[in-house]
Amino acid sequence: MTSPGKSRSLYDLYMAAAAAVREHDATCTTCSPTARCATGRRLYGELVRLQNDYLTRLRAKKGTP
């Protein structure tokens, strides 16, 4: 956990989104591997966006496509 006022890194946000999806998936009775509820779709969409941003940043640092 970060201190108040300290910004979280992209990696921290990505890992928090992954944890939120796992937590939601473990408790939601309507989500399945093939269909998600509205909250599940929102959480998963945020995870995908952050994962893409994180991997894009890593590729840019390494100079790979």
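Description of the structure in this document. (Residues numbered from 1 in each chain as written. Predicted model: local features only at pLDDT ≥ 70, side-chain atom pairs only at ≥ 80, totals over all residues. Heavy atoms only, no water.)

Some details on the overall build of the chain
Within the chain, the regular secondary structure consists of two helices and zero strands. Rg of the C-alpha trace for the chain: 14 Å, well past the compact-globule value of 11 Å for 65 residues, more than 25% over. With the principal axes as the frame, the chain shows a C-alpha extent of 40 × 35 × 15 Å. Scored against the burial criterion, the 65 residues of the chain give a buried share of 22%. (Helix = DSSP H or I, 4+ residues; strand = E, 2+ residues; numbered from the N terminus. Rg over C-alpha atoms; globule rule 2.2 N^0.38 Å. Buried < 20%, exposed > 50% of the residue type's maximum accessible area, 1.4 Å probe, protein only.)

Remarks on the pattern of salt bridges
For the structure on display, the rule yields three salt bridges. When the shortest N-O distance is used, the salt bridge between aspartate 25 and arginine 36 registers 2.8 Å. Taken together, the residues aspartate 25 in helix α1 (residues 10-27) and arginine 36 in the loop between α1 and α2 (38-62) connect sequence positions 11 residues apart. A relative accessible area of 34% means that aspartate 25 is categorised as partly exposed. Classification of arginine 36 as partly exposed rests on a relative accessible area of 24%. Arginine 49 is the salt-bridge partner of glutamate 46, the closest N and O atoms lying 2.7 Å from each other. One end of the pair is glutamate 46 and the other is arginine 49, both in helix α2 and three residues apart, which spans about a single turn. The exposure class assigned to glutamate 46 is partly exposed, which follows from its relative accessible area of 36%. (Salt bridge = Lys/Arg side-chain N within 4 Å of Asp/Glu carboxyl O.)

A look at α2
Here α2 contains 25 residues, and its C-alpha end-to-end distance of 36 Å stays within 8% of the 36 Å for a straight helix at 1.5 Å per residue. For α2, the set of buried residues is Gly40, Leu43, Leu47, Leu50 and Tyr54. Where α2 is buried, its residues contact α1. Just past α2, the residue glycine 63 takes up positive phi, approximately 75 degrees. (Expected span 1.5 Å × (residues − 1). Contact = heavy atoms within 4.5 Å.)

Quick word on the nonpolar core
Membership of the largest hydrophobic core is limited to nine residues, which are Leu10, Tyr14, Ala17, Ala18, Val21, Leu43, Leu47, Leu50 and Tyr54. It is α1 that contributes the most residues to this core, five residues altogether. (Core = buried A, V, L, I, M, F, W, Y, C linked by side-chain atoms within 4.5 Å.)

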